[in-house]
Amino acid sequence: MATIDAEDLKQRIGRFRVLIMGRANAGKTTILQKVCNTTDQPEIYDAKGNKIDADIVKSSIKRGDHNITNEMIFKSNPIFVFHDSCGFEAGSEDEFENMKKFISERAHATELQERIHAIWYCIPMDDPCRTFQRSEEKFFLECDTGRVPVVTIFTKFEALRPFAYGEIKNELKGVSSEERSKRISERVEELFTKTGVYDRLCNPENRARPKSYVRLQNMNKHNTNCDALLESTTLALDDEELRLCLNTPGSCASAIRATSIRLWSLSIRHC
Ligand SMILES: Nc1nc2c(ncn2[C@@H]2O[C@H](COP(=O)(O)OP(=O)(O)OP(=O)(O)O)[C@@H](O)[C@H]2O)c(=O)[nH]1
Ligand SMILES: [Mg+2]
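Residues numbered from 1 in each chain as written. Chains lettered and ligands numbered in written order. Predicted model: local features only at pLDDT ≥ 70, side-chain atom pairs only at ≥ 80, totals over all residues.

For the chain, the name recorded in an unreviewed UniProt entry is Era-like GTP-binding protein, with Suillus fuscotomentosus as its organism.

Asker: How should the overall build of the chain be read in this particular structure?
Answerer: A count of helical and extended segments in the chain gives 11 helices and 8 strands. Among the 271 residues that make up the chain, the fraction classed as buried is 34%. For the chain, long-range pairs separated by at least 24 residues make up 79% of all intrachain contacts whose partners lie at least 6 apart in sequence. (Helix = DSSP H or I, 4+ residues; strand = E, 2+ residues; numbered from the N terminus. Buried ≥ 20, exposed ≤ 12 C-beta atoms within 10 Å, placed from the backbone. Contact = placed C-beta atoms within 7 Å.)

Asker: Would you take a moment to explain helix 9 (residues 227-236) for this structure?
Answerer: One turn of the α-helix equals 3.6 residues, which is why residues spaced by three or four share an orientation. Buried within helix 9 are the following residues: Leu229, Leu230, Ser232, Thr233 and Ala236. Seen along its axis, helix 9 keeps its buried residues to an arc of 165°; they face one direction. (Arc of directions from axis to C-beta.)

Asker: Whenever I open this one, the packing of helix 6 (residues 160-168) against helix 7 (residues 177-194) confuses me. Can you help?
Answerer: Each pair of packed helices can be summarised by the angle the axes make with each other and by the distance between the axes. In the contact formed by helix 6 and helix 7, the axes pass within 8 Å of each other and the chain directions differ by 105°. It follows from the interaxial angle that helix 6 and helix 7 lie roughly perpendicular. From helix 6, Leu160, Arg161, Phe163, Ala164, Tyr165, Glu167 and Ile168 reach across to helix 7, where they touch Arg183, Ile184, Arg187, Val188, Leu191 and Phe192. By residue class, the composition of the contact of helix 6 with helix 7 is 9 nonpolar, no polar and 4 charged. (Axes fitted to C-alpha atoms, helices over the stretch in contact; angles between N-to-C directions. Parallel < 35°, antiparallel > 145°, perpendicular 65-115°, else oblique. Nonpolar A, V, L, I, M, F, W, Y, C, P; charged D, E, K, R; others polar.)

Asker: Looking at this structure, I do not really get the confidence of the model for the chain. What am I missing?
Answerer: Low pLDDT means the predicted atomic positions in that stretch should not be read closely. Scored by pLDDT, the chain has a mean of 82; 78% of the residues are at 70 or more. Averaged pLDDT values for the elements of the chain fall to 40 in helix 10 (residues 239-244) and rise to 97 in strand 7 (residues 150-155). When the criterion is pLDDT under 50, residues 1-6 qualifies, and its contacts beyond four places in sequence or with other chains add up to 12 contacts. Note that pLDDT drops below 50 for residues 239-257; the model gives that stretch 30 contacts with residues more than four away or on any other chain. (pLDDT = per-residue confidence, 0-100.)

Asker: Would you explain the site of ligand 1 in this entry?
Answerer: The full set close to ligand 1 counts 18 residues, and Gly27, Lys28, Thr29, Thr30 and Asn220 are the nearest of them. Of the residues in the shell around ligand 1, the class split is 6 nonpolar, 10 polar and 2 charged. (Near = placed C-beta within 6 Å.)

Asker: Sorry if this is basic, but what is going on with the environment of isoleucine 168 here?
Answerer: Inspection of the secondary structure assignment puts isoleucine 168 in helix 6. A sequence separation of 19 residues divides isoleucine 168 from arginine 187, and the C-alpha atoms of the two residues are 8.0 Å apart. Residue contacts for isoleucine 168: discarding those within four places in its chain leaves Arg183 and Arg187.

Asker: Explain the environment of leucine 230 to me, please; I cannot follow it from the model alone.
Answerer: Mapped onto the elements, leucine 230 comes out in helix 9. C-alpha of leucine 230 to C-alpha of valine 35: the two residues are 195 residues apart in sequence and 7.9 Å apart in space.

Asker: In this structure, what is going on with the pairing of strand 7? I would like to understand it.
Answerer: The buried count for strand 7 comes to 6 of 6 residues, which makes it a mostly enclosed element. Here strand 7 shows a buried face lined by Val150, Thr152 and Phe154 and a second buried face lined by Val151, Ile153 and Thr155. Relative to strand 7, strand 6 (residues 118-124) runs parallel, the two sharing 6 bridges. Across the sheet, tyrosine 121 pairs through a bridge with threonine 152, a residue of strand 7. Relative to strand 8 (residues 210-215), strand 7 is paired through 5 bridges, and the arrangement is parallel. Residue pairing in the sheet places valine 151 in a bridge with serine 212 of strand 8. (Pairing = 2+ DSSP bridges.)

Encoded structure:
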């Protein structure tokens, strides 16, 4: 099976650029690490490509000073370049406006190297009463994401199970473990529907609408992966791009690498 050298791809074409968004602690960094199959921290570069000391970035984020134009690249999978919204809900109105401007400019950038190819919006499920907060409302109502597919990720999905169990534990006495698991799963679905998060995301007044959804769970554990997210992102690209996917030049050993190359291949042909 042919392999494609990531460095060669970078030289020839460029990278698949993703903006990951969501509140602090939503699980964003964990997802990026999974996608790149690493537990390392990314290298950080400014918009001009100068490497920045990660500690300096961390301390400025702590002071509430975050630069969305910074790029994060994991050595283990340099096909991807990530931008992190870094819990923009805690920031000022100015920060929100900067984020909006960044998205609008990068969604419409003519230069392939500059364009965002996908937005991953993380909504954590560990607090089901607060799935859609002011930050989500503002993003979906106001942000001009152009043709860039927004994939909503319901993170920490397994956190709904203890809530579901708590609601029906009396009914579960004396029930077989299989039946028990089935009923808890059913209640999880009910709880998820009750959050109303889908309806809020599909509000016709929203400027940004998710093109697809994915549920991720136990991303903090070793034996899990993000393949569903990568597949969902691929499918969120439009039909023409999808057809071109069939012409992907070559394939790679790992599924993740293969998918990222497919994403890259689609985006390059879209220009
Ligand atoms: N239970 C559970 N915990 C998770 C999951 N994904 C991530 N976590 C944990 O949630 C915490 C926050 O994860 P991060 O990936 O750092 O979240 P983040 O969105 O990058 O947070 P900020 O950088 O502060 O905005 C960590 O302790 C992770 O181990 C998940 O799927 N399930
Ligand atoms: Mg993070």
